[in-house]
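# A closer look at the structure
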Amino acid sequence: MSRVAPIPLSEPFIAGNEWAYVKECLDSGWVSTAGSFVDQFENAVAKIVGSRYAVACTSGTAALHVALRLAGVEAGDEVLVPAVTFIAPVNAVRYVGAEPVFLDADDFYNVCPGKLEDFLRTETVFRDGVTRSRVTGARIAAVVPVHVFGNAVDSLPWLDLCRERGVRVVEDASEALGTRYVSGALAGSHAGAVGDIGCLSFNGNKIVTTGGGGMLLTQDEEVARRARYLTTQAKDDGVRFVHGDVGYNYRLTNVQAAIGVAQLEQLPRFLAAKASNYARYERGLATIPGLVLAAGPDYATNNRWMYALQIDPEVYGETREELMARLARAEIATRPLWHLNNWQAPYQKCRAYRIEKAPSLLERTLTLPCSVGLAEDQVDRVLAELIRE
Ligand SMILES: *Cc1c(COP(=O)(O)O)cnc(C)c1O
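Residues numbered from 1 in each chain as written. Predicted model: local features only at pLDDT ≥ 70, side-chain atom pairs only at ≥ 80, totals over all residues. Heavy atoms only, no water.

### With respect to the overall build of the protein chain
Applied cut-off: A run of DSSP states H or I qualifies as a helix once it reaches four residues; a run of E qualifies as a strand once it reaches two. Both are numbered from the N-terminal end. Throughout, the radius of gyration refers to the C-alpha atoms, and the reference size of a globule is 2.2 Å times the residue count to the power 0.38. A 1.4 Å probe rolled over the protein chains alone gives each residue an accessible area, and that area as a share of the maximum for its type sets the label: buried under 20%, exposed over 50%, partly exposed in between. Here, two residues are considered to be in contact whenever any of their heavy atoms come within 4.5 Å of each other. Two residue types count as positive, namely Lys and Arg, and two as negative, namely Asp and Glu; His and chain ends fall outside the count. Working definition for charges: the position is that of NZ of Lys, CZ of Arg, CG of Asp or CD of Glu.
Regarding its fold elements, the protein chain presents 13 helices and 16 strands. On C-alpha atoms alone, the protein chain measures out to a radius of gyration of 21 Å, which is about the 21 Å that the 2.2 N^0.38 rule sets for 389 residues. In terms of principal-axis extent, the alpha carbons of the protein chain reach across some 70 × 60 × 40 Å. Within the protein chain, the proportion of its 389 residues that are buried is 53%. For the protein chain, restricting intrachain contacts to residue pairs at least 6 apart in sequence, the fraction spanning at least 24 positions comes to 72%. Where the 39 positive side-chain charges of the protein chain centre and where its 46 negative ones centre are 2 Å apart.

### Describing the site of the ligand
This is how it is decided: Throughout, near means a residue has at least one heavy atom within 4 Å of the molecule or strand. Residues adjacent in sequence count toward polar contacts only when both atoms are side-chain atoms; beyond that, a polar contact is any pair of N or O atoms within 3.5 Å, and within protein one must be able to donate a hydrogen and the other to accept it. Here the accessible surface of atoms and residues is derived via Shrake-Rupley with a 1.4 Å probe, and residues count as covered only by protein chains that are part of the display. Each residue receives one of three labels: charged for Asp, Glu, Lys and Arg, nonpolar for Ala, Val, Leu, Ile, Met, Phe, Trp, Tyr, Cys and Pro, and polar for the others, Gly being one of them.
Taken together, 16 residues are adjacent to the ligand, and T61, D172, E175, S201 and K206 come closest. Note that an oxygen atom of the ligand is positioned 2.8 Å from one of the backbone N or O atoms of G60. The contact in question runs from an oxygen atom of the ligand to an N or O atom on the side chain of K206, over 3.2 Å. In the complex, 92% of the free accessible area of the ligand, which totals 380 Å², lies under the protein chains. Elements represented by at least two residues in the shell around the ligand include exactly α3 (60–70) and α4 (88–95). Counting residues per element, the shell around the ligand draws most heavily on α3, at three residues. Along the lines of polarity and charge, the residues of the shell around the ligand split into five nonpolar, eight polar and three charged.

### Regarding the packing of helix α9 (residues 267–285) against helix α13 (residues 376–386)
In helix packing, the relevant descriptors are the interaxial angle and the interaxial distance, both defined with respect to the helix axes. Here is the rule we go by: Orientation is described by lines fitted to C-alpha atoms, with helices fitted over the stretch in contact, and by angles between N-to-C directions that extend from 0 to 180 degrees. Should an angle fall under 35 degrees it is called roughly parallel, over 145 degrees roughly antiparallel, and 65 to 115 degrees roughly perpendicular, with every other angle called oblique. Crossings are assigned a handedness: left-handed for a near helix turned anticlockwise from the far helix by less than a right angle, right-handed for a clockwise turn.
Here α9 crosses α13 at 30°, and the two axes come no closer than 10 Å. Of the possible angle classes, the one that applies to α9 and α13 is roughly parallel. Two packed elements cross with a definite hand, and for α9 against α13 that hand is right-handed. Residue-level inspection shows N277, R280, Y281, G284 and L285 of α9 in contact with α13, the latter providing E376, V379, D380, V382, L383 and L386. Here the contact of α9 with α13 is built from residues that sort into six nonpolar, two polar and three charged.

Here is the structure:
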């Protein structure tokens, strides 16, 4: 029996100058955190995102950790985070000693803007320039909106409310490189460049990868300076090793940045490939009752990082688990949505505010293979498996 090649969920696409640039690092000996590719990578990202400063970090999680510190989040504070997202931004809240408060999702898997606004208006008191929880009295120091699956977060009017009330906005745009607002007050802005600080990830399954890496985005020179300082062990004197703060070893290496520079050169092509496969899935799914591809908001473009399939089990005749198992037998990798963050062991005792939609999104969502290098006949093979006999 001849076996077809397995189709992974998402794998990196290395087809540009990655080898050449990495070789340049190795040949020159500039393999560590100093080197011209780190600067080039930061400048290229800043240009794409429209952010004045970009600070390269070892991971998206590291960028989020430093961003929360620079947003002034302190031990005992509370930070509003989504129930639906990869756990990294929630863990980062705990790294700084703060407590997450979980918010529900909207139709685009993002934090529900209405509930976020309601929370700020009804669950907090604003006094002496500080927003505090009515329940615990703790300061609500920040909110971390996440642009899930490349869907830009619907930002108004809670964004203005946060500004008025001293609540800092740390955007997690890890999944949204290439996503831009096209209408409304934020038209023209890139995801990750609308809050106080933005973060990106270049993990292996992101649209652009450095193997592992991240970026902190800011318009503020002082925040950028502090970010560089904290990510390099807060060194005041590099000869005598005098340190003025508790820093981190969070700086991206030149080798990783070299990969990133080469990957970014191919971003337009990556975005086009993702969009074209999305459209092919969408056309194929139109004839399969009970399955649709999750749509994105019309106020923004979508980088089509991940394709979220929504299943109506009544109509389709199979649950998410059954479909996932069947596709696995056909060597097609899929994933459910992340287990909700408010259900995760470290966070079960944290406050969860009106989580109503998130469980149903989890129940009916399965993400489909979405690699940049996914061939049309592979998309067709997935579609063929999705058709129930
Ligand atoms: C990938 C990701 C991160 C960061 O991941 P790293 O592996 O630390 O780079 C953070 N938030 C979200 C939403 C992500 O998808």
